[in-house]
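# Reading the structure
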Amino acid sequence: MGHKVAILTAGGFAPCLSSAVGGLIQKYTQVSPETEIIAYRHGYQGLLSGDFIHVTDTVRANAHLLHRYGGSPIGNSRVKLTNVADLVKRGLCLEGENPLQKAAERLVADGVDVLHTIGGDDTNTTAADLAAYLAENGYGLTVVGLPKTIDNDIIPIRQSLGADTAAEMAAGFARNVLAEHNSASRQLIIHEVMGRHCGWLTAAAARKYRDWVTQAQWLPEIGLSQAAWDIHAVFVPEAEIDIEAEALRLKAVMNSVGNVNIFLSEGAGVETIVHELEERGETVPRDAFGHVQLDKINPGEWFARQFASMIGAEKVMVQKSGYYSRSAAANEYDLVLIASMTDMAVDCALAGVSGVIGHDEQDDDTLKAIAFSRIAGAKPFDVTQPWFRQLLEDIGQPLPLTDN
(Lines give C-alpha, C1' and ligand atoms only; values in the text may rest on other atoms or scores of the structure.)
Protein backbone atom coordinates (compact mmCIF):
# COMPACT_ATOMS: atom_id res chain seq x y z
CA MET A 1 0.00 0.00 0.00
CA GLY A 2 1.31 3.44 -0.91
CA HIS A 3 1.90 6.17 1.64
CA LYS A 4 -0.20 9.30 2.04
CA VAL A 5 1.86 12.17 3.36
CA ALA A 6 0.68 15.43 4.91
CA ILE A 7 2.83 18.52 5.40
CA LEU A 8 2.14 21.47 7.66
CA THR A 9 4.09 24.56 8.71
CA ALA A 10 3.31 26.28 12.02
CA GLY A 11 4.32 29.06 14.38
CA GLY A 12 6.00 32.26 13.25
CA PHE A 13 7.68 32.45 9.85
CA ALA A 14 11.35 31.63 9.30
CA PRO A 15 13.40 31.78 6.08
CA CYS A 16 13.11 28.05 5.44
CA LEU A 17 9.44 27.12 5.32
CA SER A 18 8.82 27.52 1.60
CA SER A 19 12.10 25.80 0.76
CA ALA A 20 11.48 22.93 3.20
CA VAL A 21 8.06 22.28 1.67
CA GLY A 22 9.67 22.31 -1.78
CA GLY A 23 12.48 20.00 -0.65
CA LEU A 24 10.08 17.43 0.78
CA ILE A 25 7.99 17.41 -2.39
CA GLN A 26 11.10 17.07 -4.57
CA LYS A 27 12.52 14.20 -2.53
CA TYR A 28 9.24 12.25 -2.50
CA THR A 29 8.86 12.81 -6.24
CA GLN A 30 12.39 11.47 -6.75
CA VAL A 31 12.29 8.38 -4.54
CA SER A 32 8.58 7.59 -4.14
CA PRO A 33 6.57 9.25 -6.93
CA GLU A 34 3.51 7.15 -6.12
CA THR A 35 3.24 8.73 -2.65
CA GLU A 36 0.23 11.01 -2.37
CA ILE A 37 0.98 14.37 -0.75
CA ILE A 38 -1.36 16.94 0.80
CA ALA A 39 -0.56 20.12 2.71
CA TYR A 40 -2.75 21.43 5.52
CA ARG A 41 -3.34 25.17 5.28
CA HIS A 42 -2.29 27.36 8.20
CA GLY A 43 -0.80 24.59 10.32
CA TYR A 44 -2.95 22.97 12.97
CA GLN A 45 -5.84 25.26 12.01
CA GLY A 46 -6.08 23.47 8.66
CA LEU A 47 -5.70 20.08 10.29
CA LEU A 48 -8.60 20.73 12.67
CA SER A 49 -10.82 22.13 9.92
CA GLY A 50 -9.83 19.65 7.19
CA ASP A 51 -8.52 22.43 4.94
CA PHE A 52 -5.74 21.12 2.71
CA ILE A 53 -4.10 21.46 -0.69
CA HIS A 54 -3.47 18.51 -3.01
CA VAL A 55 0.12 18.43 -4.30
CA THR A 56 -0.52 17.96 -7.99
CA ASP A 57 1.80 16.85 -10.79
CA THR A 58 2.22 20.52 -11.72
CA VAL A 59 3.36 21.34 -8.20
CA ARG A 60 5.73 18.37 -8.20
CA ALA A 61 7.27 19.45 -11.49
CA ASN A 62 7.77 23.03 -10.25
CA ALA A 63 8.59 22.46 -6.58
CA HIS A 64 12.05 23.95 -7.18
CA LEU A 65 10.39 27.38 -7.38
CA LEU A 66 9.60 27.23 -3.67
CA HIS A 67 13.31 27.58 -2.83
CA ARG A 68 13.25 31.14 -4.17
CA TYR A 69 10.68 32.52 -1.77
CA GLY A 70 10.23 33.40 1.88
CA GLY A 71 7.07 32.93 3.91
CA SER A 72 5.12 29.71 3.63
CA PRO A 73 2.99 28.90 0.57
CA ILE A 74 0.72 26.66 2.65
CA GLY A 75 0.29 29.20 5.45
CA ASN A 76 1.01 29.30 9.18
CA SER A 77 -0.92 30.10 12.32
CA ARG A 78 -0.22 30.11 16.04
CA VAL A 79 -3.04 27.67 16.75
CA LYS A 80 -2.08 25.47 19.71
CA LEU A 81 -3.90 22.16 20.18
CA THR A 82 -3.61 22.24 23.97
CA ASN A 83 -5.15 25.73 24.31
CA VAL A 84 -8.78 24.62 24.26
CA ALA A 85 -10.24 28.01 25.20
CA ASP A 86 -8.48 29.68 22.26
CA LEU A 87 -9.62 26.92 19.86
CA VAL A 88 -13.23 27.31 20.99
CA LYS A 89 -12.92 31.08 20.59
CA ARG A 90 -11.60 30.58 17.04
CA GLY A 91 -14.47 28.22 16.21
CA LEU A 92 -12.09 25.31 15.59
CA CYS A 93 -13.47 23.18 18.43
CA LEU A 94 -16.72 22.92 20.35
CA GLU A 95 -16.97 23.24 24.13
CA GLY A 96 -16.06 19.89 25.67
CA GLU A 97 -14.40 18.60 22.51
CA ASN A 98 -10.88 17.14 22.73
CA PRO A 99 -8.76 18.95 20.10
CA LEU A 100 -6.16 16.16 20.06
CA GLN A 101 -8.87 13.61 19.36
CA LYS A 102 -10.42 15.81 16.66
CA ALA A 103 -7.06 16.32 14.93
CA ALA A 104 -6.26 12.62 15.17
CA GLU A 105 -9.61 11.65 13.72
CA ARG A 106 -9.08 14.10 10.86
CA LEU A 107 -5.74 12.45 10.01
CA VAL A 108 -7.46 9.05 10.00
CA ALA A 109 -10.33 10.35 7.87
CA ASP A 110 -7.87 11.87 5.40
CA GLY A 111 -5.93 8.59 5.24
CA VAL A 112 -2.66 10.19 6.34
CA ASP A 113 0.02 7.81 7.60
CA VAL A 114 3.00 10.21 7.49
CA LEU A 115 2.91 13.75 8.91
CA HIS A 116 5.71 16.24 8.34
CA THR A 117 5.63 19.19 10.72
CA ILE A 118 7.90 22.15 10.07
CA GLY A 119 8.08 24.35 13.15
CA GLY A 120 9.53 24.95 16.58
CA ASP A 121 9.54 22.72 19.62
CA ASP A 122 5.83 23.16 20.32
CA THR A 123 4.81 22.34 16.73
CA ASN A 124 6.83 19.15 16.76
CA THR A 125 6.06 17.89 20.25
CA THR A 126 2.34 18.46 19.59
CA ALA A 127 2.68 16.25 16.52
CA ALA A 128 4.31 13.61 18.72
CA ASP A 129 1.30 13.78 21.06
CA LEU A 130 -0.92 13.16 18.03
CA ALA A 131 1.12 10.11 17.02
CA ALA A 132 1.00 8.74 20.57
CA TYR A 133 -2.76 9.24 20.75
CA LEU A 134 -3.26 7.45 17.43
CA ALA A 135 -0.95 4.60 18.47
CA GLU A 136 -3.04 4.07 21.60
CA ASN A 137 -6.05 3.75 19.32
CA GLY A 138 -4.43 1.27 16.94
CA TYR A 139 -3.54 3.67 14.14
CA GLY A 140 0.05 3.99 12.98
CA LEU A 141 1.25 7.50 12.20
CA THR A 142 4.87 8.33 11.43
CA VAL A 143 5.72 11.92 12.36
CA VAL A 144 8.93 13.48 11.09
CA GLY A 145 9.50 17.07 12.13
CA LEU A 146 11.89 19.70 10.82
CA PRO A 147 13.30 22.35 13.21
CA LYS A 148 12.29 25.89 12.34
CA THR A 149 13.07 28.93 14.45
CA ILE A 150 15.03 32.10 13.81
CA ASP A 151 15.99 32.05 17.49
CA ASN A 152 18.03 28.86 17.01
CA ASP A 153 16.85 27.72 20.44
CA ILE A 154 15.65 24.12 20.02
CA ILE A 155 17.26 21.59 22.37
CA PRO A 156 19.37 19.57 21.40
CA ILE A 157 19.61 20.80 17.79
CA ARG A 158 22.78 22.62 16.74
CA GLN A 159 21.27 24.79 14.00
CA SER A 160 17.62 25.48 13.22
CA LEU A 161 16.52 25.96 9.65
CA GLY A 162 16.31 29.61 8.61
CA ALA A 163 18.25 31.03 11.55
CA ASP A 164 21.40 31.88 9.61
CA THR A 165 19.38 33.64 6.90
CA ALA A 166 17.49 35.64 9.54
CA ALA A 167 20.80 36.79 11.05
CA GLU A 168 22.09 37.79 7.61
CA MET A 169 18.89 39.72 6.88
CA ALA A 170 19.01 41.50 10.25
CA ALA A 171 22.60 42.53 9.55
CA GLY A 172 21.60 43.88 6.12
CA PHE A 173 18.67 45.73 7.66
CA ALA A 174 21.07 47.32 10.15
CA ARG A 175 23.32 48.61 7.36
CA ASN A 176 20.50 50.83 6.16
CA VAL A 177 19.09 51.78 9.56
CA LEU A 178 22.46 52.62 11.10
CA ALA A 179 23.23 54.81 8.08
CA GLU A 180 20.75 57.19 9.72
CA HIS A 181 23.22 57.93 12.51
CA ASN A 182 24.05 61.42 11.25
CA SER A 183 20.55 62.41 10.11
CA ALA A 184 20.68 64.46 13.32
CA SER A 185 23.35 65.23 15.87
CA ARG A 186 23.74 63.06 18.99
CA GLN A 187 21.46 60.34 17.74
CA LEU A 188 20.64 57.07 19.54
CA ILE A 189 19.62 54.19 17.26
CA ILE A 190 18.23 50.96 18.69
CA HIS A 191 18.01 48.01 16.33
CA GLU A 192 15.47 45.67 17.96
CA VAL A 193 15.97 42.04 16.89
CA MET A 194 13.52 39.18 17.41
CA GLY A 195 14.35 36.82 20.26
CA ARG A 196 11.89 36.33 23.10
CA HIS A 197 14.04 34.23 25.42
CA CYS A 198 17.17 33.67 23.37
CA GLY A 199 19.78 36.19 22.27
CA TRP A 200 21.34 34.02 19.54
CA LEU A 201 19.80 35.94 16.63
CA THR A 202 20.81 39.32 18.03
CA ALA A 203 24.37 38.14 18.62
CA ALA A 204 24.64 36.39 15.24
CA ALA A 205 23.27 39.46 13.44
CA ALA A 206 25.74 41.69 15.30
CA ARG A 207 28.58 39.35 14.34
CA LYS A 208 27.61 39.42 10.67
CA TYR A 209 27.18 43.20 10.74
CA ARG A 210 30.58 43.71 12.35
CA ASP A 211 32.17 41.41 9.75
CA TRP A 212 31.03 43.99 7.21
CA VAL A 213 32.00 47.01 9.30
CA THR A 214 35.54 45.77 9.92
CA GLN A 215 36.12 44.81 6.27
CA ALA A 216 34.62 47.92 4.64
CA GLN A 217 36.72 50.90 3.49
CA TRP A 218 36.09 54.14 5.36
CA LEU A 219 36.91 57.80 4.74
CA PRO A 220 36.86 59.57 8.13
CA GLU A 221 38.26 62.75 6.58
CA ILE A 222 34.79 63.43 5.13
CA GLY A 223 32.91 61.94 8.07
CA LEU A 224 32.58 58.37 6.77
CA SER A 225 33.70 56.79 10.02
CA GLN A 226 33.79 53.17 11.11
CA ALA A 227 33.31 54.27 14.71
CA ALA A 228 30.01 55.97 13.83
CA TRP A 229 28.71 53.00 11.82
CA ASP A 230 29.84 50.45 14.39
CA ILE A 231 27.79 48.73 17.10
CA HIS A 232 28.32 50.18 20.55
CA ALA A 233 26.26 47.75 22.65
CA VAL A 234 24.67 44.31 22.26
CA PHE A 235 21.98 43.40 24.81
CA VAL A 236 20.63 39.83 25.07
CA PRO A 237 18.22 38.17 27.56
CA GLU A 238 20.88 35.84 28.95
CA ALA A 239 23.03 38.64 30.35
CA GLU A 240 22.22 41.14 33.07
CA ILE A 241 22.19 44.76 31.95
CA ASP A 242 23.56 47.33 34.36
CA ILE A 243 21.68 50.27 32.90
CA GLU A 244 23.44 52.95 34.90
CA ALA A 245 26.93 51.63 34.12
CA GLU A 246 26.07 51.15 30.44
CA ALA A 247 24.57 54.64 30.25
CA LEU A 248 27.82 56.06 31.63
CA ARG A 249 29.86 54.09 29.08
CA LEU A 250 27.55 54.97 26.18
CA LYS A 251 27.49 58.65 27.12
CA ALA A 252 31.25 58.66 26.65
CA VAL A 253 30.74 57.02 23.23
CA MET A 254 28.14 59.67 22.35
CA ASN A 255 30.52 62.47 23.37
CA SER A 256 33.40 60.95 21.43
CA VAL A 257 31.73 59.49 18.32
CA GLY A 258 28.62 61.65 18.07
CA ASN A 259 26.07 58.83 18.02
CA VAL A 260 25.26 55.49 19.68
CA ASN A 261 24.09 52.27 17.97
CA ILE A 262 22.59 49.41 19.99
CA PHE A 263 21.61 45.88 18.94
CA LEU A 264 18.83 44.83 21.32
CA SER A 265 17.17 41.44 21.62
CA GLU A 266 13.43 42.01 22.07
CA GLY A 267 13.51 39.71 25.10
CA ALA A 268 16.30 41.60 26.88
CA GLY A 269 15.07 43.21 30.05
CA VAL A 270 11.48 42.01 29.55
CA GLU A 271 11.18 40.77 33.15
CA THR A 272 12.07 44.26 34.34
CA ILE A 273 9.55 45.88 31.98
CA VAL A 274 6.75 43.47 32.93
CA HIS A 275 7.45 44.02 36.63
CA GLU A 276 7.31 47.78 36.10
CA LEU A 277 3.96 47.53 34.24
CA GLU A 278 2.42 45.23 36.85
CA GLU A 279 3.64 47.47 39.65
CA ARG A 280 1.60 50.25 38.01
CA GLY A 281 -1.43 47.95 37.95
CA GLU A 282 -1.41 47.56 34.16
CA THR A 283 -2.42 44.32 32.43
CA VAL A 284 0.43 42.72 30.49
CA PRO A 285 -0.92 41.49 27.10
CA ARG A 286 -0.24 37.80 26.33
CA ASP A 287 -0.89 35.55 23.30
CA ALA A 288 -2.53 32.09 23.04
CA PHE A 289 0.73 30.50 24.21
CA GLY A 290 0.87 32.68 27.32
CA HIS A 291 3.81 34.63 25.91
CA VAL A 292 4.08 38.34 26.64
CA GLN A 293 3.11 40.20 23.45
CA LEU A 294 6.39 42.00 22.94
CA ASP A 295 5.05 44.20 20.16
CA LYS A 296 2.54 45.61 22.66
CA ILE A 297 5.06 46.42 25.40
CA ASN A 298 7.77 47.64 22.98
CA PRO A 299 11.12 46.75 24.63
CA GLY A 300 13.00 48.98 22.19
CA GLU A 301 10.95 52.03 23.15
CA TRP A 302 11.42 51.21 26.84
CA PHE A 303 15.20 51.02 26.47
CA ALA A 304 15.17 54.19 24.42
CA ARG A 305 13.40 56.02 27.24
CA GLN A 306 15.90 54.66 29.78
CA PHE A 307 18.98 55.70 27.83
CA ALA A 308 17.99 58.85 25.92
CA SER A 309 18.32 61.39 28.70
CA MET A 310 21.09 59.48 30.49
CA ILE A 311 23.41 59.65 27.47
CA GLY A 312 22.28 63.04 26.20
CA ALA A 313 20.62 61.89 22.98
CA GLU A 314 18.97 64.64 20.94
CA LYS A 315 17.16 62.24 18.61
CA VAL A 316 16.13 58.61 19.17
CA MET A 317 15.25 56.00 16.55
CA VAL A 318 13.97 52.46 17.26
CA GLN A 319 13.75 50.10 14.28
CA LYS A 320 12.68 46.43 14.28
CA SER A 321 14.13 43.98 11.77
CA GLY A 322 11.93 41.02 12.79
CA TYR A 323 9.41 40.67 9.98
CA TYR A 324 11.96 41.70 7.36
CA SER A 325 14.27 38.94 8.59
CA ARG A 326 11.85 36.12 9.24
CA SER A 327 10.01 36.37 5.91
CA ALA A 328 13.13 36.26 3.71
CA ALA A 329 13.99 33.53 1.23
CA ALA A 330 16.65 31.10 2.46
CA ASN A 331 20.30 31.97 1.81
CA GLU A 332 22.83 29.51 0.37
CA TYR A 333 23.86 28.20 3.79
CA ASP A 334 20.27 27.42 4.72
CA LEU A 335 19.43 25.95 1.31
CA VAL A 336 22.18 23.36 1.80
CA LEU A 337 21.06 22.69 5.38
CA ILE A 338 17.41 22.41 4.34
CA ALA A 339 18.20 19.96 1.53
CA SER A 340 20.19 17.70 3.86
CA MET A 341 17.37 17.69 6.39
CA THR A 342 14.45 17.24 3.97
CA ASP A 343 16.25 14.35 2.27
CA MET A 344 16.74 12.63 5.62
CA ALA A 345 13.17 13.44 6.68
CA VAL A 346 11.77 11.57 3.67
CA ASP A 347 14.14 8.63 4.17
CA CYS A 348 13.06 8.39 7.82
CA ALA A 349 9.37 8.72 6.94
CA LEU A 350 9.51 5.91 4.38
CA ALA A 351 11.36 3.75 6.91
CA GLY A 352 8.72 4.47 9.57
CA VAL A 353 11.15 6.32 11.86
CA SER A 354 9.63 9.24 13.78
CA GLY A 355 11.51 12.18 15.31
CA VAL A 356 12.80 15.67 14.60
CA ILE A 357 15.61 15.91 12.08
CA GLY A 358 18.66 17.82 13.28
CA HIS A 359 22.32 17.75 14.24
CA ASP A 360 22.30 16.33 17.76
CA GLU A 361 24.53 18.44 20.02
CA GLN A 362 24.53 15.60 22.55
CA ASP A 363 25.80 13.10 19.95
CA ASP A 364 28.76 14.78 18.22
CA ASP A 365 26.43 16.88 16.04
CA THR A 366 25.23 13.76 14.20
CA LEU A 367 22.40 14.46 11.74
CA LYS A 368 19.55 12.10 12.63
CA ALA A 369 15.93 11.77 13.72
CA ILE A 370 15.97 12.93 17.35
CA ALA A 371 13.35 11.43 19.67
CA PHE A 372 10.49 13.82 20.42
CA SER A 373 10.96 13.25 24.14
CA ARG A 374 14.35 14.99 23.88
CA ILE A 375 13.03 18.07 22.04
CA ALA A 376 12.55 21.24 24.06
CA GLY A 377 12.48 24.96 23.44
CA ALA A 378 14.06 28.05 24.96
CA LYS A 379 17.66 26.86 24.67
CA PRO A 380 19.62 29.80 26.09
CA PHE A 381 22.31 31.50 24.07
CA ASP A 382 25.72 30.78 25.57
CA VAL A 383 27.18 34.22 26.27
CA THR A 384 30.48 32.63 27.32
CA GLN A 385 31.27 31.52 23.76
CA PRO A 386 34.64 32.88 22.66
CA TRP A 387 33.29 34.58 19.52
CA PHE A 388 30.63 36.49 21.48
CA ARG A 389 33.05 37.50 24.22
CA GLN A 390 35.45 38.72 21.52
CA LEU A 391 32.64 40.70 19.90
CA LEU A 392 31.91 42.48 23.17
CA GLU A 393 35.58 43.15 23.81
CA ASP A 394 35.93 44.62 20.32
CA ILE A 395 33.08 47.09 20.89
CA GLY A 396 34.26 47.99 24.40
CA GLN A 397 31.34 46.42 26.26
CA PRO A 398 32.06 44.72 29.59
CA LEU A 399 31.79 40.94 29.52
CA PRO A 400 28.40 39.86 30.88
CA LEU A 401 27.39 38.56 34.24
CA THR A 402 25.00 35.75 33.36
CA ASP A 403 21.58 35.09 34.86
CA ASN A 404 22.18 31.34 34.57
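See the structure shown above.
First things first, this report covers the structure right here in the doc. Predicted model, so just to flag it, every value in this text is computed and none were measured.

The rules behind each value
- Residues numbered from 1 in each chain as written.
- Predicted model: local features only at pLDDT ≥ 70, side-chain atom pairs only at ≥ 80, totals over all residues.
- Heavy atoms only, no water.
- Salt bridge = Lys/Arg side-chain N within 4 Å of Asp/Glu carboxyl O.
- Helix = DSSP H or I, 4+ residues; strand = E, 2+ residues; numbered from the N terminus.
- Buried < 20%, exposed > 50% of the residue type's maximum accessible area, 1.4 Å probe, protein only.
- 1 Å grid on protein atoms, 1.4 Å probe; cavity = no way out; pocket = protein on both sides within 12 Å on 5 of 7 lines; lining within 4 Å.
- Points joined across faces, edges and corners; volume = space filled by probe spheres on them.
- Nonpolar A, V, L, I, M, F, W, Y, C, P; charged D, E, K, R; others polar.
- Pairing = 2+ DSSP bridges.
- Axes fitted to C-alpha atoms, helices over the stretch in contact; angles between N-to-C directions.
- Lys, Arg positive; Asp, Glu negative; His and termini not counted.

## A short note on the pattern of salt bridges
In the structure shown here, the tally under the stated rule is 14 salt bridges. Linking arginine 90 and aspartate 86 is a salt bridge whose minimum nitrogen-to-oxygen distance equals 2.7 Å. One end of the pair, arginine 90, and the other, aspartate 86, are both in helix H4 (residues 84-90), four residues apart, so they sit about a helical turn from each other. We classify arginine 90 as partly exposed; its relative accessible area is 40%. Look at the salt bridges and you will find they share partners, linking Asp360, Asp363, Lys368 and Arg374 into a network.

## With respect to the environment of glutamate 240
Position of glutamate 240 among the secondary structure elements: in the loop between strand E7 (233-235) and helix H10 (243-257). Separated by 160 residues in the primary sequence, glutamate 240 and proline 400 have C-alpha atoms spaced 6.7 Å apart.

## Looking at the layout of surface pockets
Roughly 1,100 Å³ of volume is contained in the largest pocket. Residue assignment for the lining of the largest pocket shows that the elements contributing at least two residues are H4, helix H6 (121-136), strand E6 (187-193), helix H12 (294-297) and helix H14 (322-326). For the lining of the largest pocket, the element with the highest residue contribution is H6, accounting for four residues. Residue composition of the lining of the largest pocket, by class: 15 nonpolar, 14 polar and 16 charged.

## Details of the sheet that holds strand E4 (residues 114-119)
Spatially, seven strands are ordered E3-E2-E1-E4-E5-E10-E11 in an open sheet, and the strand pairing comes out mixed. Of all strands in the sheet, those bounded by a partner on one side alone are strand E3 (52-54) and strand E11 (366-370). Looking at each pair of strands side by side, their axes are set apart by 25° on average, direction ignored. Sheet topology note: the strand E1 (residues 4-9)/E4 ladder contains five bridges and is parallel. Its bridge partner being in E4, valine 5 is matched across the sheet by valine 114.

## What about the side chain of aspartate 153?
Relative to the assigned elements, aspartate 153 resides in the loop between strand E5 (142-147) and helix H7 (163-177). Buried and without a salt bridge, aspartate 153 has lysine 379 as its closest oppositely charged side chain, separated by 7.7 Å.

Read these as geometric descriptors, not functional statements.
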